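# A structural walkthrough
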Amino acid sequence: MNKNKMWGGRFGASPSEIMQEINASIETDRRFAAQDLEGSRAHADMLGATGIISREDADQILSGLNTIASEFADGSFPFRVEFEDIHLNVEARLRELIGPVAGRLHTGRSRNDQVATDFRLWVRDAIDRLDQGLRALQSALVGQADQNADTIMPGFTHLQSAQPVTFGHHCLAYVEMFARDRGRLADARKRLNESPLGAAALAGTSFPVDRTQTAKTLGFDRPMANSLDAVSDRDFAIETVTAAALCAMHLSRLAEEIVVWCSAQFDFVSLPDDLTTGSSIMPQKRNPDAAELVRAKTGRINGAAIALLTMMKGLPLAYSKDMQEDKQPVFDAVDSLELSLTAMTAMISSLQVRKDTMQQAAAQGFSTATDLADWLVRVLKLPFRDAHHTTGALVAMAEKQGVQLDELTLEQLQSVESRITKDIYSVLSVENSVKSRVSAGGTAPERVREQVAFWQNALK
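Since the model is a prediction, treat every value here as computed from it, not as a measurement. (Residues numbered from 1 in each chain as written. Predicted model: local features only at pLDDT ≥ 70, side-chain atom pairs only at ≥ 80, totals over all residues. Heavy atoms only, no water.)

## Side note on the overall build of the protein chain
Summing up its helical and strand segments, the protein chain has 18 helices and six strands in all. For the C-alpha atoms alone, the extent of the protein chain along its principal axes is close to 105 × 50 × 40 Å. Relative to its full complement of 460 residues, the protein chain shows a buried share of 49%. Contacts spanning at least 24 positions in sequence make up 73% of the contacts within the protein chain whose residues lie at least 6 apart. Split by element, the accessible area of the protein chain, about 21,800 Å² in all, is 52% carbon and sulfur. Here the protein chain contributes 49 positively and 60 negatively charged side chains, and the mean placements of these two sets differ by 2 Å. (Helix = DSSP H or I, 4+ residues; strand = E, 2+ residues; numbered from the N terminus. Buried < 20%, exposed > 50% of the residue type's maximum accessible area, 1.4 Å probe, protein only. Contact = heavy atoms within 4.5 Å. Areas by Shrake-Rupley, 256 points an atom, 1.4 Å probe, with all protein chains shown as cover. Lys, Arg positive; Asp, Glu negative; His and termini not counted. Charge placed at Lys NZ, Arg CZ, Asp CG, Glu CD.)

## Quick word on the pairing of strand β2 (residues 160-166)
Moving residue by residue along a regular strand, the side chains alternate between the two faces of the sheet. Sheet analysis places strand β1 (residues 152-157) next to β2, joined by six bridges and oriented antiparallel. Each residue of the ladder has a partner; that of Met-153, found in β2, is Val-165. (Pairing = 2+ DSSP bridges.)

## Digging into the pattern of salt bridges
Following the criterion strictly, the structure yields 29 salt bridges and no others. Here Asp-181 makes a salt bridge to Arg-184, at a shortest N to O gap of 3.1 Å. Taken together, the residues Asp-181 and Arg-184, both in helix α7 (residues 167-192) and three residues apart, mark about one turn of the helix. Residue class for Asp-181 comes out buried when judged on its relative accessible area of 1%. (Salt bridge = Lys/Arg side-chain N within 4 Å of Asp/Glu carboxyl O.)

## Observations regarding the packing of aromatic side chains
Counted according to the given criterion, the structure contains 12 aromatic pairs. Consider the rings of Phe-32 and Phe-119, whose centres lie 5.5 Å apart with planes at 55°: the pair is tilted. With Phe-32 in the loop between α2 (26-29) and α3 (33-50) and Phe-119 in helix α6 (residues 111-147), this pair connects stretches of sequence that are 87 residues apart. Like Phe-32, the residue Phe-119 is buried in the burial classification. (Phe/Tyr/Trp six-rings, centres within 6.5 Å; stacked < 30°, edge-to-face > 60°.)

## Let's talk about helix α5 (residues 86-98)
An ideal rise of 1.5 Å per residue puts 18 Å on 13 residues; α5 measures up with 18 Å between its terminal C-alpha atoms. Three or more residues of α5 are buried, namely Ile-86, His-87, Leu-88, Asn-89, Val-90, Ala-92, Arg-93, Leu-94 and Ile-98. Where α5 is buried, its residues meet α2, α3, α4 (55-74) and α6. The N-cap of α5, judged by a side-chain oxygen 3.1 Å from the amide nitrogen of His-87 a few residues on, is Asp-85. Backbone geometry just downstream of α5 places Gly-99 in the positive-phi region, at approximately 85°. (Expected span 1.5 Å × (residues − 1). Polar contact = N/O pair within 3.5 Å; in protein donor to acceptor, adjacent residues only side chain to side chain.)

Here it is, written out as structure tokens:
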């Protein structure tokens, strides 16, 4: 009597306890339940349409799969580790519901093309959710840009005051970053949208399956062209996770800025109580923990990308059991990124901007020095390098006296460059500095408002 429930006549004994523990994946791939049913329905319908099995058997299988779908929905489906994975759990339950005809469902397919199909369907759904999350975050950033198109803040390089910019301009920089993230995910989605179903174990099948029908039913653009590639490819998972890692890096940069801006030393912004935490010992603390956790999750997502690349790097064609380890990193990366996007969107939407503090900080650190140099070039026709040197001397003078550039007297300015006139004060205020940056992509409020209008329309 055969004692192995899964492998039939080839094995005379069930797997050992350790073999079952290392081999089973049901606790992970049960997340494929909806996609597994979707693929099985498409396959069963195709088998009936092509006459590979009778229409009656196909309809009976479809009815059983619908029952299983209801069990998934109400939580009554009996997941069992002895059936190893989601595919065998579904098949075993289908046999309990409709009897031996359930065995016809696996005609013309293998778990190899089945799991590849399920995984692509799941990743495609995940990309769509991530895109929605990114769009919501972009909308929140555009909202802040709209409200702060003329809010002046210091722009930094090396985290040193460089030139004044507007907070709206700063927010729109992240809108552009997240647009690129959406583009990368869209590219990944386009490439993954081919169907492995019908490739069977690795060589195709001798049954006259209609792979175009199943591809169309499942929303794929076409069947994959090579059966070996169809079952062994995990580029779609790696590409999606690496795109997620880039997005997480962008989120981490924004999170870091929020952490810095919320500090008492900067005090540029504040977060509401429901998005901060306190201290167990210091009652005055309001910690931006949500931002810090977004920043930290970058490591998990980067780790997922490295895990997938390492897992796949030495695998010969076609399928190897190593590839069972592909799902957990993807699930974790997607979960982490989805949560990070939700948290960041909440923070950006509720961010309170301290405009006066930002403007005062923008006036510090000689941030209009470049405007002074540009004036020397534009009005006095100095070569830029000479203007740079003259401006540096004036900055040194102001620094020595403990004043800002616009606080130097005309006589002091003329002691370095005699041709300077009082007109120079028109460029030394932070307000005039930002207004002057009217080049395409610049920080001038009018440019910011143009970009806000563009993105409001693009994100509709």
